[in-house]
Amino acid sequence: EIIKNDVIFVVSEEPLGEENYNRMVEYTARALVSNRHLFREEEDINRNYAEEILNRWINKIESGYVSVFYRDRTYKCMGNILNDYLNKTISPEIFNSGPENIMELRNNINIWTTKNSEKAIEIFIFAASRDDLEDRTKNFPYKNLRDILKSNNGEYIVNKDLNFRENLDLDHPTVKICKEVERKIKGNEGKTFNLGVTLEFLQRPPFGLYSNMLNSSILAFALRPYTGKLYEEGTGRRIDKELMRDKVSAIFRYWKDNKDIEKLNVRLGTPEERELV
């Protein structure tokens with residue numbers, strides 16, 4: 001889902017040029033024909049020529065100027081700092097309830113890299129206390145993940161039991177995400193629903209979650225209160241810590257590749273049912 005106001009246009013002052021374009025098309029066509037006739041060496045040579053033209057163009061873009069058009073403003077910068085401008089200026093505006101707005105989280109690019117991180121999920125589901133969490137995150141890059149539970153002045157927004165403190169900032173991204181997850185899941189009490197579908201709004205503005213160490217930690221923390229309260233459809237198995245870890249991983253796989261949706265069908269038990277069990 002794309003919101004019109006959130007579309008960003010980037011225009012480079014370095015055009016590819018008609019000659020380079022025609023050469024790229026020719027080399028790519030030759031590579032395709034070589035592939036069909038199993039001429040592997042010829043295919044590789046032509047693909048390399050096409051890639052070399054593209055790489056030279058990209059290098060020129062990075063060393064030249066680009067214009068960024070976003071909403072009602074225009075920004076001109078060198079191509080080699082475009083990523084920095086988008087990540088630090090534009091992204092926090094579009095995803096204004098996302099982790100981009102926690103200042104300390106911007107300092108480590110590794111926790112933003114797209115990948116599955118079962119360990120990060122496990123840390124924030126299994127931690128029994130804040131001290132336990134700190135022990136589990138004593139090494140880098142996991143140490144940076146603690147900042148999802150801190151304000152921009154470096155103070156924890158959770159107490160020793162990992163519950164939110166009173167009088168906390170309701171605009172804090174982690175607080176907002178947790179409250180929205182709580183609202184969505186509570187609306188399904190006593191019903192069967194799909195976790196991936198119910199929470200897929202978190203992918204879009206103003207949240208913007210995707211599969212990386214950072215977002216895995218936030219979603220795991222948001223779902224930890226439902227450990228032992230959700231039941232797996234079909235088996236009726238209560239979702240313990242280990243199974244919740246697997247469910248969070250499956251949510252990100254479903255969001256990315258539309259896979260494992262059937263593994264995310266759960267039921268939120270009633271308080272009376274949990275007492276009975």
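Given the structure is predicted, the values throughout are model-derived calculations rather than measurements.

Q: I'd like a description of the packing of helix H6 (residues 173-186) against helix H8 (residues 213-223), backed by residues and values.
A: Axes are the key here: two packed helices are described by the angle between their axes and the distance separating the axes. The interhelical angle for the contact between H6 and H8, taken along N-to-C directions, is 50°, at an axis separation of 9 Å. In terms of orientation, H6 and H8 fall into the oblique class. As for the relative orientation of H6 and H8, their crossing is right-handed in sense. Across the interface between the two elements, Thr174, Ile177, Cys178, Val181 and Ile185 from H6 touch Ile218, Phe221, Ala222 and Leu223 from H8. Counted by class, the contact of H6 with H8 contains eight nonpolar, one polar and no charged residues.

Q: Run through the sheet that holds strand S2 (residues 65-70), naming residues and quoting values.
A: Taken in spatial order, the three strands line up as S1-S2-S3 in an open sheet, and their pairing is antiparallel. Both outer strands of the open sheet, strand S1 (8-12) and strand S3 (73-78), are each paired with one neighbouring strand and no more. Looking at each pair of strands side by side, their axes are set apart by 20° on average, direction ignored. In terms of strand pairing, S2 meets S3 through six bridges, oriented antiparallel. Note on S3: the bridge partner recorded for Val66 is Cys77.

Q: Could you give an account of the packing of aromatic side chains, naming the residues involved and the relevant values?
A: Counting across every chain of the model gives five aromatic pairs. Considering the side-chain rings of Tyr27 and Tyr49, the 5.0 Å spacing of their centres and the 45° angle between planes classify their relative orientation as tilted. With Tyr27 in helix H1 (residues 18-36) and Tyr49 in helix H2 (residues 40-63), this residue pair connects regions lying 22 residues apart in the sequence. A centroid spacing of 3.9 Å and a plane angle of 10° characterise the contact between Tyr75 and Tyr85, whose relative ring orientation is stacked. Note that Tyr75 is positioned in strand S3 and Tyr85 in helix H3 (residues 82-94), a separation of ten residues in sequence.

Q: Could you give me a rundown of the pairing of S2, with the residues and numbers involved?
A: In terms of strand pairing, S1 meets S2 through five bridges, oriented antiparallel. Looking at the pairing, Val11 lines up with Ser67 of S2.

Q: Break down a nonpolar patch on the surface for me, citing the residues and quoting the values.
A: A cluster of nonpolar side chains, Val7, Phe9, Val11 and Phe69, forms an exposed patch at the surface whose accessible area comes to about 350 Å². Relative to the assigned elements, Phe9 resides in strand S1. With a relative accessible area of 54%, Phe9 lands in the exposed category.

What counts, and where the lines are drawn
Residues numbered from 1 in each chain as written. Predicted model: local features only at pLDDT ≥ 70, side-chain atom pairs only at ≥ 80, totals over all residues. Heavy atoms only, no water. Axes fitted to C-alpha atoms, helices over the stretch in contact; angles between N-to-C directions. Helix = DSSP H or I, 4+ residues; strand = E, 2+ residues; numbered from the N terminus. Parallel < 35°, antiparallel > 145°, perpendicular 65-115°, else oblique. Left-handed = near helix turned anticlockwise from the far one by under 90°. Contact = heavy atoms within 4.5 Å. Nonpolar A, V, L, I, M, F, W, Y, C, P; charged D, E, K, R; others polar. Pairing = 2+ DSSP bridges. Phe/Tyr/Trp six-rings, centres within 6.5 Å; stacked < 30°, edge-to-face > 60°. Patch = residues over 30% accessible without salt bridge, like charges linked within 9 Å, V, L, I, M, F, W, Y side chains within 5 Å. Areas by Shrake-Rupley, 256 points an atom, 1.4 Å probe, with all protein chains shown as cover. Salt bridge = Lys/Arg side-chain N within 4 Å of Asp/Glu carboxyl O. Buried < 20%, exposed > 50% of the residue type's maximum accessible area, 1.4 Å probe, protein only.

Functional significance is not addressed by these values, which are geometric in nature.
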